[in-house]
2 protein chains.
Amino acid sequence: MITREADYGIRVLLLLARRERAGQGGESSVAIAEEMDIPYRFLRKLVKRMVAGRLLTSRRGKGGGLELARPAGRITLYDILEIMGPAGTRLSQCVATPGACRRAGTCRVHRVIGTIQTSVDRQLRAANLESLVD
Amino acid sequence: MITREADYGIRVLLLLARRERAGQGGESSVAIAEEMDIPYRFLRKLVKRMVAGRLLTSRRGKGGGLELARPAGRITLYDILEIMGPAGTRLSQCVATPGACRRAGTCRVHRVIGTIQTSVDRQLRAANLESLVD
DNA sequence: TCAAATGCTACCAATTGCGTATCAAATAAC
DNA sequence: GTTATTTGATACGCAATTGGTAGCATTTGA
Ligand code: FES
Ligand code: FES
């Protein structure tokens, strides 16, 4: 399951992408929290993760705030979920962690799940913020 | 993530499907636990779920044990996961529970995730035990 | 009657999810 | 240079889930 933290993360990035395209600059956490009905403290926490994960850049002090770390077209859902909740779209431990399962070589289930996982990942990588903001 | 319980469940069903095809009958929990290295008590718990979910039939008493509730060709990974760990292959709350999110109508992310979920489900429904035992 | 098998309920420890609270450091405006 | 604003870091709390374990009741074939 995509966690609430990841979900908020996606929407925050989407908001910033919209603002960027409208020529408005970055925005502060407090403004975003207000605007999107996200508990301020919680938002602060997940923003920190996104900054650490190079999705956002931040500027401290008066007039500071947050901005996308790169153009919206180069941030995909895959990138975001990888940082905000890697387990969210991982179908199985066997497939997610190579070498986790000694049966992996012969197991038919592994192959099926692996195929499905690949297709999920491909679709997530195809969805970037730019294509999501219109 | 597919839970360990679900994973064991799949493999137990697969074992029974193999035995069925080889003309051998059902098998008892204690024998399966031994054969597959699954803690007996834990196996008992998940077997109960599969019986309740109509994937297995059980017979109590001496000589009893477990059998597939229907032909292997009519039990899919989707069926199993639906009973053993519904959350395991659900990508998001927004998509899994209709009406959970008021933004669902207009949200682009919802559409993308929805499409991916549909494709996952389709592939899981296409994978039945019979095709997995060769 | 007895052994072999499942049915049922309850418990436990560790992890994860969703937040909250406190304090420190940077920076722009006055 | 003081002050208001804004992010950085750490730690805590509570509820749900996961992965097991334990004990007793019930059914059934020999
Ligand atoms: S059980 Fe691990 S790959 Fe199939
Ligand atoms: S946020 Fe719920 S559907 Fe997009």
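Up top is the structure these notes are about.
So, here is what we can say about the structure in this document. (Residues numbered from 1 in each chain as written. Chains lettered and ligands numbered in written order. Predicted model: local features only at pLDDT ≥ 70, side-chain atom pairs only at ≥ 80, totals over all residues. Heavy atoms only, no water.)

1. Observations concerning the overall build of chain A
- The helix and strand inventory of chain A stands at seven helices and two strands.
- When the helices and strands of chain A are placed in sequence order, the string is α-α-α-β-β-α-α-α-α.
- Projected onto its principal axes, the C-alpha coordinates of chain A cover approximately 60 × 30 × 20 Å.
- Each of the 134 residues in chain A was classed as buried or not, and the buried ones make up 45%.
- Summarising the internal contacts of chain A: among those between residues at least 6 apart in sequence, 61% fall at separations of at least 24. (Helix = DSSP H or I, 4+ residues; strand = E, 2+ residues; numbered from the N terminus. Buried < 20%, exposed > 50% of the residue type's maximum accessible area, 1.4 Å probe, protein only. Contact = heavy atoms within 4.5 Å.)

2. Some thoughts on the protein's contact with DNA strand D
- In the region of DNA strand D, 23 residues are neighbours, and Arg44 and Ser58 of chain A together with Thr3, Arg4 and Lys45 of chain B sit closest.
- Within 4 Å of the protein, the atoms of DNA strand D are drawn from sugar and phosphate moieties in a proportion of 60%.
- Taking Ser58 of chain A, its side chain carries an N or O atom lying 2.7 Å from a phosphate oxygen of DNA strand D.
- Backbone polar atom of Lys62 of chain B to a base oxygen of DNA strand D: 3.3 Å apart, as the coordinates give it.
- Of all the elements in the fold, those that place two or more residues in the surface near DNA strand D are α3 (40-52), β1 (56-59) and β2 (65-68) of chain A together with α1 (4-21) and α3 (40-52) of chain B.
- A total of four residues in the surface near DNA strand D trace back to one element, the largest contributor, which is α3 of chain A. (Near = heavy atom within 4 Å. Polar contact = N/O pair within 3.5 Å; in protein donor to acceptor, adjacent residues only side chain to side chain.)

3. Structural notes on the relation of the copies chain A and chain B
- Rotating chain A by 180° and translating it 0.0 Å along the rotation axis places it on chain B, where the RMSD comes to 0.0 Å. Such a combination of rotation and displacement between the chain copies is what one expects of a two-fold axis. (Least-squares fit on C-alpha atoms with pLDDT ≥ 70 in both.)

4. Digging into the interface of chain A and chain B
- Across the boundary between the two partners, chain A contributes 29 residues, which contact 29 residues of chain B.
- Buried area between chain A and chain B, summed over both chains or domains, comes out near 2600 Å², and the portion from carbon and sulfur atoms is 69%.
- Counting the contacts that link chain A with chain B gives two salt bridges.
- Across the pair Arg108 of chain A and Asp134 of chain B runs a salt bridge, and its minimum N-O distance is 3.4 Å.
- Our count for the contact surface shared by chain A and chain B stands at eight residue pairs in polar contact (both at pLDDT 80 or more).
- Contributing elements (two or more residues each) for the side of chain A that touches chain B: α1 (4-21), α5 (93-96) and α6 (108-126) of chain A.
- When grouped by side-chain class, the residues that make up the side of chain A that touches chain B number 17 nonpolar, seven polar and five charged. (Buried area = accessible area lost by both parts, 1.4 Å probe. Salt bridge = Lys/Arg side-chain N within 4 Å of Asp/Glu carboxyl O. Nonpolar A, V, L, I, M, F, W, Y, C, P; charged D, E, K, R; others polar.)

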